[in-house]
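Here is what each chain is made of, one letter per residue.
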Amino acid sequence: MMTPYLLRLLCLCLAAFFVIHSVVGLVVAASGPAAVRAARRMRPRLAGRFLLALRMLPAALALFVVAGLCVPSYLWLEPETNLEEVGAGCLAAAILAAALWAISTARGVRAARRSASHARESERLGRRSILPGSHVPVWLVDAPAPLLALVGVFDSRLVISSPVMNALSAAQLAAALRHEEAHRVSHDNLKRLLLLLAPSLLPGFHGFDAIERGWARFTEWAADDDA
């Protein structure tokens, strides 16, 4: 397939990203259960950081190689001809990489929109309150289901439903507020968004479930310890 100069660069970058991400991702996915077992010997906060770094490694390393090696070498060494053929393998890898990024971006945008929608609904249906120990706005909602959650990535607020307020004692509520404050200080909602934005191993096959489940579990334990 004959393609212009900059389009060839884009294909090369996407193809290189897919190859590096796939190779490193396969190693990370295969080592996921062992990594979670190793994390159990660490403090929960350190274990969460370790698993998060491991999950982000394939995409981070692939982006680093593409930005630091592929783009400069192509611009330096590749002659700027109008048209040149791109192989079928390179084109297929580029399409798969584009699909991975499209899926992960859509997943992250959907989660961000859902979070913003929950925040707007809590403000519309609830009432703002001040609770001792909370460093963010608190919205009390008259929802039948029990709910206590830190909503938002950057502009966080705490949403609490009436059943939770009625069920918890003052000491229990204070502990719950300290738990959510620990999530806020550690920017755990932002980390969750990064996990959603990180590409899967293959389109239609995530591959990193064990690591992400482990991260979520250790993050909750770390918030308990901080509380």
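One can find the structure itself at the top, above this paragraph.
Residue numbering note: each chain is counted from 1, following its sequence as written. Owing to the predicted nature of the model, reporting of local features is limited to residues with pLDDT of at least 70; listing and counting of side-chain atom pairs is limited to 80 or more, with chain, interface and lining totals taken over all residues. Hydrogens are left out, water is left out, and the side-chain values use all remaining heavy atoms of the structure.

**Student:** Explain the packing of aromatic side chains to me, please; I cannot follow it from the model alone.
**Tutor:** For any pair of aromatic rings, geometry is given as the distance between the ring centres together with the angle between the planes. For Phe, Tyr and Trp, where Trp contributes only its six-membered ring, two rings pair if their centres lie within 6.5 Å, and the inter-plane angle classes them as stacked under 30 degrees, edge-to-face over 60, or tilted in between. According to the stated counting rule, one finds two aromatic pairs in the structure shown. Taking the centre distance of 5.3 Å and the plane angle of 40 degrees together, the rings of Phe17 and Trp101 count as tilted. Separated by 84 residues along the polypeptide, Phe17 in helix α1 (residues 5-30) and Trp101 in helix α4 (residues 88-125) bring together distant segments of the chain. Type-normalised accessible area, obtained with a 1.4 Å probe on protein chains alone, sets the label of each residue: buried when under 20%, exposed when over 50%, and partly exposed for intermediate values. Residue class for Phe17 comes out buried when judged on its relative accessible area of 2%. Exposure remark for Trp101: the relative accessible area of 27% places this residue in the partly exposed category. When the centroid spacing of 5.2 Å and the interplanar angle of 90 degrees are considered together, the rings of Phe218 and Trp221 count as edge-to-face. You can see Phe218 and its partner Trp221 sitting in helix α8 (residues 209-226), three residues apart, about one turn around the helix. According to the relative accessible area criterion, Phe218 is buried, its value standing at 2%. In this structure Trp221 comes out as partly exposed when scored by relative accessible area, which is 40%. Whether a charge lies above a ring is judged from NZ of Lys or CZ of Arg, which has to be within 6 Å of the ring centre and within 35 degrees of the ring normal. The positively charged end of Arg217 is found above the aromatic ring belonging to Phe218, 5.7 Å away from the centroid. The secondary structure listing takes helices from DSSP runs of H or I that are at least 4 residues long and strands from runs of E that are at least 2 residues long, numbered from the N terminus.

**Student:** What exactly am I supposed to notice about the side chain of Ser104 here?
**Tutor:** In this fold, Ser104 is placed in helix α4. On the basis of relative accessible area, Ser104 is assigned to the buried category, the value being 0%. Residues in contact with Ser104, not counting those within four places in the same chain, are Leu196, Leu197, Ala198 and Pro199. It only takes one pair of heavy atoms within 4.5 Å for two residues to be counted as in contact.

**Student:** Would you mind going over a nonpolar patch on the surface with me for this structure?
**Tutor:** The patches described consist of residues with a relative accessible area above 30% and no salt bridge, like charges being joined within 9 Å and nonpolar side chains (Val, Leu, Ile, Met, Phe, Trp, Tyr) within 5 Å. Only the protein chains shown count as covering a residue, and every accessible area follows the Shrake-Rupley method with a 1.4 Å probe. Each reported salt bridge corresponds to a side-chain nitrogen of Lys or Arg within 4 Å of a carboxyl oxygen of Asp or Glu. On the surface, a nonpolar cluster with roughly 290 Å² of combined accessible area is contributed by Leu57, Leu61 and Phe64. Among the residues examined, Leu57 registers a relative accessible area of 37% and is labelled partly exposed.

**Student:** Honestly, the packing of α4 against helix α7 (residues 188-197) in this entry has me stumped. Any pointers?
**Tutor:** As a rule, the C-alpha atoms of each element are fitted with a line to give its axis, helices using only the stretch in contact, and angles between N-to-C directions run from 0 to 180 degrees. α7 packs onto α4 with a crossing angle of 150 degrees between their chain directions and a minimal axis gap of 7 Å. In this view, α4 runs roughly antiparallel relative to α7, as classed from their interaxial angle. Residues Trp101, Ser104, Thr105, Arg107, Gly108 and Ala111 of α4 lie in contact with α7, whose contacting residues are Leu193, Leu196 and Leu197. A per-class count over the contact of α4 with α7 returns five nonpolar, three polar and one charged. Note that the term roughly parallel is reserved for angles under 35 degrees, roughly antiparallel for angles over 145, roughly perpendicular for angles of 65 to 115, and oblique for everything else. Under the scheme applied here, ten amino acids are nonpolar (Ala, Val, Leu, Ile, Met, Phe, Trp, Tyr, Cys and Pro), four are charged (Asp, Glu, Lys and Arg), and all others, including Gly, are polar.

**Student:** Can you help me understand unusual backbone geometry in this one?
**Tutor:** What is expected of a backbone is that most residues other than glycine have negative phi and most peptide bonds are trans. At His187, a position not held by glycine, the phi torsion is positive, near 55 degrees. Among the secondary structure elements, His187 is positioned in the loop between α6 (170-185) and α7.

**Student:** Sorry if this is basic, but what is going on with the environment of Leu61 here?
**Tutor:** Inspection of the secondary structure assignment puts Leu61 in helix α3 (residues 44-77). Separated by 37 residues in the primary sequence, Leu61 and Val24 place their C-alpha atoms 8.3 Å from one another. The contact partners of Leu61, leaving out residues within four places of it in the chain, are Ile20 and Val24.

**Student:** It is not clear to me how the packing of helix α2 (residues 32-39) against α3 should be interpreted in this structure. Could you clarify?
**Tutor:** Axis angle and axis distance: for two packed helices, these are the angle between their axes and the distance between the axes, and together they describe the pair. At a minimum axis separation of 9 Å, α2 and α3 run at an interaxial angle of 160 degrees. Overall, the two elements α2 and α3 adopt an arrangement that is roughly antiparallel. At the point where α2 passes α3, the crossing takes the right-handed sense. Together, Ala35, Val36 and Ala39 of α2 and Ala47, Phe50, Leu51 and Leu54 of α3 make up the contact between the two elements. Split by residue class, the contact of α2 with α3 holds seven nonpolar, no polar and no charged. With the far helix as reference, a near helix turned anticlockwise by less than a right angle produces a left-handed crossing, and one turned clockwise produces a right-handed crossing.

**Student:** What should I look at first to understand the sheet that holds strand β3 (residues 127-129) in this one?
**Tutor:** Either a parallel or an antiparallel arrangement is found when strands of a sheet pair, and the pairing is made through backbone hydrogen bonds. Across the sheet, four strands lie side by side as β3-β4-β6-β5; this open sheet has mixed pairing. Sheet topology places β3 and β5 (148-151) at the edges, where each strand pairs with a single neighbour. Across the sheet, the mean angle separating the axes of adjacent strands is 30 degrees when strand polarity is ignored. Between any two strands, at least two bridges found by DSSP are needed for them to pair.

**Student:** Would you mind showing me how to read the pairing of strand β6 (residues 157-161) here?
**Tutor:** The side chains of a regular strand alternate between both faces of the sheet. The element β6 is largely enclosed, with a buried count of five among its five residues. Burial of the side chains of β6 extends over both faces: Arg157, Val159 and Ser161 are buried on one face and Leu158 and Ile160 on the other. Where strand β4 (residues 138-141) and β6 come together, four bridges link them in parallel fashion. Residue pairing in the sheet places Leu140 in a bridge with Ile160 of β6. Judged from the four bridges that link them, β5 and β6 form a sheet pairing that is antiparallel. Paired with Leu148 across the two strands is Ile160, which belongs to β6. Connecting the antiparallel pair β5 and β6 is a turn made up of five residues, with Gly152 showing a positive phi of about 105 degrees.

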